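Here is how the chains run, residue by residue.
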Amino acid sequence: MDLVLLPIVLLAAFLNGYGIWNDPYANSYYTTAVGSMLSNFHNFFYASLDSAGSVTVDKPPVVFWIQTAFAYVFGLHGWSVILPQVLAGIGSVLLSYFMVKPTYGLAAARISAIAMATVPVVAAVSRTNNIDSMLVFTLLLGSWFLFKGSKQGSTWRILVAFGLIGVAFNMKMLQAYMILPAFYLLYLLAFQAKWRRKIILLIGSTAVLAVVSLSWAVTVDSIPEDERPYIGSSETNSVMELAFGYNGLARLTGQQNTAGNAGMPNGMGQGNNRENRGDSISGPNQTGSGVPGAGQDVNAPDNDNINGSNGLNAMGGMNGPNGNFPNGQMPNDMEMPNGRNFGGGMGGMFGTGEKGPLRLFQTELSGQASWLLPVVLLGCIAMFAGLRRRNITNKHKEALFWLAWLIPVAAFFSVAGFFHQYYLIMLAPPIAALTGAGFVAMWKSYRDRNGWQAWLLPVSVLLTTLFGWYIMQVYNDTIGAGWSISELIAGILVTIILIVMLHCTHRWKQSFIIAGFMVMLIGPIYWAFTPITYGGNSMIPAAGPTGSNGMFGGAGMGMPMGNGAGDTEMPTMGGRGGMGNRNEEVDTATLNYLKEHNTGETYLFATTDYNQAAPYIIDEKASVITLGGFSGSDPVYTTEELEQLVKSGQVKYFMVGGMGGRGGNSEISDWIKEHGTEIPTSEWQTGTDSGSTDNGDTGNRAGFGFGGQTTLYEVKL
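These figures come from a predicted structure and were not determined experimentally.

A closer look at the overall build of the protein chain
- Regarding its fold elements, the protein chain presents 28 helices and 11 strands.
- Nonlocal contacts in the protein chain, meaning residues at least 24 apart in sequence, comprise 73% of its contacts between residues at least 6 apart.

What to know about the sheet that holds strand β8 (residues 676-678)
- If you walk across this open sheet you meet the five strands as β6-β5-β7-β11-β8, and the pairing is mixed. Each edge of the sheet is formed by a strand with only one pairing partner; in this case those strands are β6 (624-626) and β8. Averaged over all pairs of adjacent strands, the angle between their axes in this sheet comes to 30 degrees, without regard to strand direction.
- Alignment of strand β7 (residues 653-656) against strand β11 (residues 711-715), held across four bridges, turns out to be antiparallel. Of the residues in β11, the one forming a bridge with Tyr-653 is Glu-714.

Regarding the packing of helix α18 (residues 456-473) against helix α21 (residues 509-520)
- Close contact between α18 and α21 brings their axes to 9 Å; oriented N to C, the two are set at 20 degrees. Judged by the inter-axis angle, α18 sits roughly parallel to α21. α18 and α21 meet at a crossing whose hand is left-handed. Contacts from Leu-457, Ser-460, Val-461, Thr-464 and Thr-465 in α18 reach Ile-513, Gly-516, Val-519 and Met-520 in α21.
- When the residues that make up the contact of α18 with α21 are grouped by side-chain class, the tally is five nonpolar, four polar and no charged.

What to know about the side chain of Asp-50
- Examined against the element boundaries, Asp-50 turns out to sit in the loop between α3 (41-46) and α4 (62-74).
- The side chain of Asp-50 is buried and forms no salt bridge, while Arg-228, the nearest opposite charge, is found at 13 Å.
- Here the side chain of Asp-50 touches Thr-626 through a polar contact of 3.0 Å, landing on its backbone nitrogen.

Looking at the packing of aromatic side chains
- The full count for this structure, using the stated rule, is 41 aromatic pairs.
- When the centroid spacing of 6.5 Å and the interplanar angle of 40 degrees are considered together, the rings of Phe-419 and Tyr-423 count as tilted.
- Overall, Phe-419 belongs to the buried group, its relative accessible area being 2%.
- Taking the centre distance of 4.5 Å and the plane angle of 50 degrees together, the rings of Trp-483 and Tyr-526 count as tilted. A residue pair is termed long-range when its members are at least 10 positions apart, and Trp-483 in helix α20 (residues 481-500) and Tyr-526 in helix α22 (residues 522-533) qualify at 43 residues.
- Given a relative accessible area of 39%, Trp-483 falls into the partly exposed group.
- Residue Tyr-526 is classed as buried on the basis of its relative accessible area, which comes to 14%.
- Taking NZ or CZ as reference, Lys-172 lies 3.8 Å from the ring centre of Tyr-423, over its face.

A word on a negative patch on the surface
- A cluster of like negative charges, contributed by Glu-640, Glu-667, Asp-670 and Glu-674, occupies part of the molecular surface.
- Examining the composition of the negative patch, we find that three residues originate from one element, helix α27 (residues 666-675), more than from any other.
- The residue Glu-667 is located in helix α27 in this model.
- A relative accessible area of 36% means that Glu-667 is categorised as partly exposed.

So, unusual backbone geometry
- The backbone of Asn-237 shows a phi angle near 60 degrees, a positive value even though the residue is not glycine.
- Positive phi outside glycine occurs at Arg-449, with the angle close to 55 degrees.
- The exposure class of Arg-449 is partly exposed, given its relative accessible area of 37%.

Let's talk about the nonpolar core
- Trp-405, Met-426, Phe-439 and Ile-672 are the most contacted members of the largest nonpolar core, which has 163 residues in total.
- A total of 12 residues in this core trace back to one element, the largest contributor, which is helix α17 (residues 428-447).
- Setting aside chain neighbours within four positions, we find Phe-439 in contact with Ile-111, Val-375, Leu-434, Leu-457, Ile-513, Phe-517 and Met-520.
- In terms of nonpolar packing, the next biggest core, distinct from the first, is built from 16 residues, Leu-604, Phe-605, Ile-617 and Val-624 among them.

Describing the pattern of salt bridges
- Taken as a whole and judged by the stated rule, the model has eight salt bridges.
- The salt bridge involving Asp-58 is made with Lys-59; its shortest N-O contact spans 3.2 Å.
- The exposure class of Asp-58 is buried, given its relative accessible area of 0%.
- Salt-bridge contacts for Arg-447 lead to Asp-448; the nearest nitrogen and oxygen are separated by 3.2 Å.
- In this structure, a network of salt bridges that share partners links the residues Lys-652, Glu-714 and Lys-716.

Digging into the packing of helix α1 (residues 5-17) against α22
- Relative orientation of the contacting elements α1 and α22 amounts to 40 degrees, with a least axis distance of 8 Å. Between α1 and α22, the angle falls in the class oblique. Residues Leu-11, Phe-14 and Leu-15 of α1 touch α22, and the partners they reach there are Ala-528, Phe-529 and Ile-532.

About the cut-offs
- Residues numbered from 1 in each chain as written.
- Predicted model: local features only at pLDDT ≥ 70, side-chain atom pairs only at ≥ 80, totals over all residues.
- Heavy atoms only, no water.
- Helix = DSSP H or I, 4+ residues; strand = E, 2+ residues; numbered from the N terminus.
- Contact = heavy atoms within 4.5 Å.
- Pairing = 2+ DSSP bridges.
- Axes fitted to C-alpha atoms, helices over the stretch in contact; angles between N-to-C directions.
- Parallel < 35°, antiparallel > 145°, perpendicular 65-115°, else oblique.
- Left-handed = near helix turned anticlockwise from the far one by under 90°.
- Nonpolar A, V, L, I, M, F, W, Y, C, P; charged D, E, K, R; others polar.
- Buried < 20%, exposed > 50% of the residue type's maximum accessible area, 1.4 Å probe, protein only.
- Lys, Arg positive; Asp, Glu negative; His and termini not counted.
- Salt bridge = Lys/Arg side-chain N within 4 Å of Asp/Glu carboxyl O.
- Polar contact = N/O pair within 3.5 Å; in protein donor to acceptor, adjacent residues only side chain to side chain.
- Phe/Tyr/Trp six-rings, centres within 6.5 Å; stacked < 30°, edge-to-face > 60°.
- Lys NZ or Arg CZ within 6 Å of the ring centre and 35° of its normal.
- Patch = residues over 30% accessible without salt bridge, like charges linked within 9 Å, V, L, I, M, F, W, Y side chains within 5 Å.
- Areas by Shrake-Rupley, 256 points an atom, 1.4 Å probe, with all protein chains shown as cover.
- Charge placed at Lys NZ, Arg CZ, Asp CG, Glu CD.
- Core = buried A, V, L, I, M, F, W, Y, C linked by side-chain atoms within 4.5 Å.

The structure is reproduced here in structure tokens:
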């Protein structure tokens, strides 16, 4: 057993898991789905967002199946749905170690493990219930089987490797396929077999990949629409369309659903066309299987939970109850991105910088995963410097695998139109592996005084610490200048010492080499601790001293709000959810009123805003209907179906307002208002007087949701 590995694993466990018990809801969009999935198998299979099985979340169900299993064992809590991702993050560190060690040696394995553990975005994501930590673990597990199968000529290991990529597809769809170039390249280079067998196995592996990938999607799409939930965030109520559209090509182009402007200042008249559903939709399924339909998604989450350039407006924005920003103008003269292009202006809507070859080095993204890229670059030069056609070794082949993972992923994020900072966790495994392999290669060249290659090690220390200073100095006002200056000075000193000792033999020489690597880790380690020291963002996690700001993650790209003095500050989110959530809390008065006046209805209430439903589903295990998915805009119900729900005695209370009041389906809201009786807030809300609302300490409970005032209606037909 390698005793050095133990503290690395403990560090990863601390970075990923410390304090997760303080996050009661985690990412409430996904936690709400887990709460609904616990209620019955129908909701479990489809990953339904609400108790009625009306609409799914916007991702496949595999990760949510795992989270539901943990919640079943430990109870539904924020920490219980985060725990699988914590373990996945630790598992990724171990896999990095065991994949690098056989080929590159013990030192490289240790370096790769600590690099993986301290990639800041890995720590930020693994302490939430977002999908990506589990996704990366699954991809690494598949890669481990590929490595083993290629070296041993094992057919079943190759099939398992490609099958695991299919499983990963059922976690986050096409994002899992980003490593397929690396898989095919290593297989062709390293699998030892005659070409006939190699081609046949490759075809079979690809078939396994396709079958596993599409198994759930094809199954769901083959079920009649009136017998399953609406596919959240899709335009055509199809999982396949969701996979290759919203969760596929739209990520690259930044072009979101055509209904994305519904209910917004720049998109009037582009809302959901409910008439497109025609007359073929049947009534609500009385067994709780939901009432899905086809149509267009206005503004669905990616959890991501905010979709597209108009995501703010779809939720009522950060504009409070007084309406939308005039002319799409945000505070401090920040312009709301026009149309559906998210790559430009204000560093991208979600703090992802400007498109271009140096995007990963820009302030907005560099702190997430880019710290060690100089080491990777120079390390690859050291590994491939003496390469000849006839002496390609396993070291070269595996390095090519990691490069074939790194380069396409980096290229995608350099030009992609719509993504979030935490997606950069996809860069972590190749960066960690190449850091370990490359640093050891430079170490050997330095030790052996191998001509110009001997200079790569001190140059890598200097460039990496300079880059670390560049990343940190932007935040000197927040973290103090000591951190950036200390890394810079230490890096320069170690570089000078390494240069002086290059042609000397000294017993401290190896110690200074190790010191050089540790100096390079000052920045990444500090950034990896920021979700703990500065607070995290459960909806859109990001590392950095501003990573908890608003809903839009780190790098200072949360929505700044002017304070009248030329300064900016972040808006306070109401409710108990983790940083970045805008959850409401269970209002005891509301809960008691709804229970006391329930006359046998199946569902406690229906709401146009899932955030209103979240605490009741999570904390109270109540049965609640969400009328339109995340933003209230998925065309889940028609007015005819809503009428049937009321007449059949399934629901009579409706909450209208909050996010759904802004971006939701106006036809549904109008029907509720027309046929319902408004309940005075004094009868059902805490902290309200008759005819008024309290905007003080009671926060959202007092009638103001994130996007506006919440109103309760009783509908009797």
